[in-house]
Amino acid sequence: GAVVSQHPSRVICKSGTSVKIECRSLDFQATTMFWYRQFPKQSLMLMATSNEGSKATYEQGVEKDKFLINHASLTLSTLTVTSAHPEDSSFYICSARDSVGGNSPLHFGNGTRLTVT
Amino acid sequence: GDSVTQMEGPVTLSEEAFLTINCTYTATGYPSLFWYVQYPGEGLQLLLKATKADDKGSNKGFEATYRKETTSFHLEKGSVQVSDSAVYFCALRSYNFNKFYFGSGTKLNVKP
């Protein structure tokens, strides 16, 4: 089945540094990828919709200058957490939908656990 | 805007018990509805889906029926197993904008 690879799975960084998370669709093309943040009580919040070749669409309340999203190709989207702070510590999950299937479901990466010290 | 509300967990059941996890949604137009499952230490996986009213999605003994009149998509299983212990997320894909929205997740613990 379709696979989405997310890297790294865990990262620890110091406050003030930037961290890049990659999301790759391995055996299908994804015009659109989604980035989510999973909070400790298990809620999954949509942060932004990443569109290949154009600017990402951010959900209300998500800082676009803080969470930079680049979707450079049909198989790769990146999320960069800039000037990270401890409150950015969370679990980030990407997902992608096969561009071919009009009604196809999402395929998820395994997530990235970010800890900012 | 579109949103999903599902029952809070955790839900603790004995093996072979009946399971219901409630999910209701708010959406414009005609969304598609999904249940995703996250097993311990793993990523999210699609469990089942329904794309129009009165459709029933089913997989691995789980079922959910798309009820437009009650804007619900409750997950059910007649006899749960210990291996069903996981976090279950209800989700919708909006009709107009092709975005996905998730409920807060319900953790299911099944005891032998």
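An account of the accompanying structure is given in this report.

## Examining the sheet that holds strand β1 (residues 4-7) of chain A
All names here are of chain A. Overall, antiparallel pairing links the 4 strands, which are arranged β1-β3-β8-β7 in an open sheet. Two strands lie at the open edges of the sheet, namely β1 and β7 (67-73), each paired on one side alone. Strand-to-strand twist of the sheet, defined as the mean angle between neighbouring strand axes without regard to direction, takes the value 15°. Strand direction decides the pairing type here: β1 and strand β3 (residues 19-25), joined by 4 bridges, are antiparallel. Bridged to His 7 within β3 is Glu 22.

## Structural notes on the state of the cysteines
A full pass over the atoms with the stated rule returns 2 disulfides over all chains. Disulfide pairing is shown between A:Cys23 and A:Cys94; the S-S distance is 2.0 Å. Sign of the S-S torsion, about 80° for the bond between A:Cys23 and A:Cys94, identifies this disulfide as right-handed. With a gap of 71 residues between them, A:Cys23 in strand β3 and A:Cys94 in strand β9 (residues 90-97) connect regions that are remote in the sequence. Each of the two residues, A:Cys23 as well as A:Cys94, counts as buried. Sulfur-sulfur distance for the disulfide between B:Cys23 and B:Cys90 comes to 1.9 Å. One quick way to see it: the torsion about the S-S bond of B:Cys23 and B:Cys90 is about -70°, and its sign makes the bridge left-handed. With a gap of 67 residues between them, B:Cys23 in strand β4 (residues 23-26) and B:Cys90 in strand β10 (residues 86-93) connect regions that are remote in the sequence.

## Re the interface of chain B and chain A
Counting from both sides, the interface comprises 23 residues of chain B and, opposite them, 22 residues of chain A. Around 1,600 Å² of area is buried between chain B and chain A when both sides are counted, 53% of it from carbon and sulfur atoms. One can count 0 salt bridges joining chain B with chain A. Taken together, chain B and chain A are joined by 2 residue pairs in polar contact (both at pLDDT 80 or more). For the side of chain B that touches chain A, the element with the highest residue contribution is strand β5 (residues 32-38) of chain B, accounting for 4 residues.

The rules behind the values
Residues numbered from 1 in each chain as written. Chains lettered and ligands numbered in written order. Predicted model: local features only at pLDDT ≥ 70, side-chain atom pairs only at ≥ 80, totals over all residues. Heavy atoms only, no water. Pairing = 2+ DSSP bridges. Helix = DSSP H or I, 4+ residues; strand = E, 2+ residues; numbered from the N terminus. Axes fitted to C-alpha atoms, helices over the stretch in contact; angles between N-to-C directions. Disulfide = S-S within 2.5 Å. Buried < 20%, exposed > 50% of the residue type's maximum accessible area, 1.4 Å probe, protein only. Contact = heavy atoms within 4.5 Å. Buried area = accessible area lost by both parts, 1.4 Å probe. Salt bridge = Lys/Arg side-chain N within 4 Å of Asp/Glu carboxyl O. Polar contact = N/O pair within 3.5 Å; in protein donor to acceptor, adjacent residues only side chain to side chain.

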